[in-house]
Amino acid sequence: MGDIVPDGLEAYVEARVAARDPALAAVEAQGRREGWPIVGPAEGTLLHLLTRLVRARRALELGTAIGYSTTWIARALEPGGELVTVEWDPDTANLAAENLKRTGVADRVRILVGDAREIVEDLAGPFDLVFNDIDKVAYPAVLPHVANRLRVGGLLVTDNVLWGGSVAKGRADAPTRAKIVLTKGNDATKRSAIGRSTRPVCWNTSSHSIAPSTGSAPAWLATRIAAPDAGTCSAPWDATRK
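Note that the coordinates shown come from a computational prediction; the quantities given were computed from them, not determined experimentally.

(A) Fine view of the overall build of the chain. The number of helices and strands found in the chain is 9 helices and 8 strands. Counting over 242 residues, the chain shows a buried share of 46%. Sequence separation of at least 24 residues holds for 70% of the intrachain contacts in the chain that already meet a minimum separation of 6. Total accessible area on the chain stands at roughly 12,100 Å², and carbon and sulfur atoms take up 55% of it.

(B) Structural detail: the nonpolar core. The biggest cluster of nonpolar side chains holds 22 residues, and the ones touching the most others in it are I73, L83 and L129. Element by element, the count of residues in this core is highest for helix α4 (residues 68-74), at 4 residues. The contacts of L129, once residues within four sequence positions are left out, are L50, T51, V54, A56, R58, A59, L60, I73, L150 and L155. Counting 19 residues, the second largest nonpolar core, distinct from the first, contains L112, F127, I134 and L143.

(C) Spatial organisation of the pattern of salt bridges. In the structure shown here, the tally under the stated rule is 11 salt bridges. For E78, the salt bridge is made with R55, and the minimal N-O distance between the two is 3.3 Å. Pair noted here: E78 is in the loop between α4 and β2 (82-87) and R55 is in the loop between α3 (41-53) and β1 (58-62), with a separation of 23 residues, a long-range link. The partner of D115 in a salt bridge is R117, with the nearest N and O atoms 3.0 Å apart. Relative accessible area serves as the criterion here: at 39%, R117 is assigned to the partly exposed category. Where salt bridges share partners, they join E14, R20, E28 and R32 into one cluster.

(D) Looking closely at the environment of E43. Its location among the elements puts E43 in helix α3. Using a relative accessible area of 33% as the deciding quantity, one classes E43 as partly exposed. In this structure the side chain of E43 is engaged in a polar contact, spanning 3.1 Å, whose partner is the backbone nitrogen of G40.

(E) Fine view of the side chain of D89. Tracing the backbone shows D89 in the loop between β2 and α5 (90-102). Lacking a salt bridge, the buried D89 has R117 as its closest oppositely charged neighbour, with an N-O distance of 13 Å. A polar contact of 3.2 Å, which involves the side chain of D89, links it to the backbone nitrogen of D91. Reaching out from D89, the side chain makes a polar contact with the backbone nitrogen of T92 at a distance of 2.8 Å.

(F) The arrangement of the environment of A59 in detail. Checked against the element boundaries, A59 lands in strand β1. Considered as a pair, A59 and L155 are 96 residues apart in the sequence and their alpha carbons are 9.6 Å apart. What A59 contacts, discounting residues up to four positions off in sequence, is I73, L77, E82, L83, V84, F127 and L129.

(G) Focus on the side chain of S69. Within the fold, S69 resides in helix α4. Residue classification places S69 among the buried residues on the basis of a relative accessible area of 6%. Among residues more than four places away in sequence, those in contact with S69 are V39, L47, E61 and F131.

(H) Main features of the pairing of strand β5 (residues 150-158). A large share of β5 lies buried, amounting to 9 of its 9 residues. Note: strand β4 (residues 127-132) against β5, 5 bridges, orientation parallel. Its bridge partner lying in β5, F127 is registered against L150. You can see the chain leave β4, run along helix α7 (residues 139-147) and come back into β5, and the turn it takes is right-handed.

(I) Quick look at the packing of aromatic side chains. By the definition in use, this model includes 1 aromatic pair. Judged by centre distance (6.3 Å) and plane angle (80°), the ring pair of Y68 and W72 falls under edge-to-face. Of this pair, Y68 and W72 both sit in helix α4, 4 residues apart, roughly one helical turn. Per residue, the accessibility class of Y68 equals that of W72, and both read buried. For the cation-ring pair, R58 lies above F127, with the distance from its terminal atom to the ring centre recorded as 4.2 Å.

(J) Molecular detail of unusual backbone geometry. Omega for the peptide link from G125 to P126 comes to 0°, which places this bond in the cis form. We note that R55 has phi near 50°; this positive angle belongs to a residue other than glycine. What makes R55 partly exposed here is its relative accessible area of 24%.

Cut-offs used in this document
- Residues numbered from 1 in each chain as written.
- Predicted model: local features only at pLDDT ≥ 70, side-chain atom pairs only at ≥ 80, totals over all residues.
- Heavy atoms only, no water.
- Helix = DSSP H or I, 4+ residues; strand = E, 2+ residues; numbered from the N terminus.
- Buried < 20%, exposed > 50% of the residue type's maximum accessible area, 1.4 Å probe, protein only.
- Contact = heavy atoms within 4.5 Å.
- Areas by Shrake-Rupley, 256 points an atom, 1.4 Å probe, with all protein chains shown as cover.
- Core = buried A, V, L, I, M, F, W, Y, C linked by side-chain atoms within 4.5 Å.
- Salt bridge = Lys/Arg side-chain N within 4 Å of Asp/Glu carboxyl O.
- Polar contact = N/O pair within 3.5 Å; in protein donor to acceptor, adjacent residues only side chain to side chain.
- Lys, Arg positive; Asp, Glu negative; His and termini not counted.
- Pairing = 2+ DSSP bridges.
- Right-handed = clockwise from strand over helix to strand, strands pointing away.
- Phe/Tyr/Trp six-rings, centres within 6.5 Å; stacked < 30°, edge-to-face > 60°.
- Lys NZ or Arg CZ within 6 Å of the ring centre and 35° of its normal.

Shape descriptors only; they carry no functional weight alone.
And the structure:
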């Protein structure tokens with residue numbers, strides 16, 4: 001049984017997501033066979049949906065691995081869009097590049113190799129969507145940088161924030177401490193995450209709806225909803241867009 005979701009329930013959900021094409025299924029099988037920490041098909045489907053919901057033209061991924069989540073995001077980009085993905089290990093980046101050719105998205109993905117904490121400081125925004133899945137202890141360090149590079153109405157999605165339930169168990173290991181810092185935040189990270197927002201918007205995973213929050217935006221899914229600024233936004237946020 002999983003720490004949060006029972007294995008049987010997780011298998012039930014994954015058995016009911018849309019079938020993957022042979023190329024994507026091969027990368028998924030490689031991840032499981034070789035022990036890569038990739039997202040599952042349910043999470044991949046969610047990433048694809050979120051990318052399409054914000055009509056992302058420019059996306060950022062921190063933590064490429066073998067290119068599985070990269071493919072899900074890249075396939076959902078608007079025509080002519082680009083996904084910038086960061087991988088610290090050169091060999092893994094090369095493996096991902098080959099897989100992205102296999103899944104047919106290499107032409108819309110740019111791989112940067114190095115420490116995401118350093119690279120993100122040099123990246124110019126804005127991005128419509130950011131997916132953060134790097135080494136967990138680095139989460140608090142990158143949060144202010146990626147939040148400040150989101151366009152108005154953009155999404156910041158962070159994986160493994162509950163860390164298998166460890167954040168609620170008071171564990172003292174470094175990854176868990178980083179998650180607790182990320183979810184509680186401090187004055188600096190809260191100001192960066194909210195930016196010029198009025199009231200933050202929260203994604204309610206139980207009801208699948210979006211509603212105003214009375215507190216700071218959740219670090220695992222932050223959105224900026226202030227009035228668009230032509231100097232910082234790649235595309236204005238319009239809730240009526242289909």
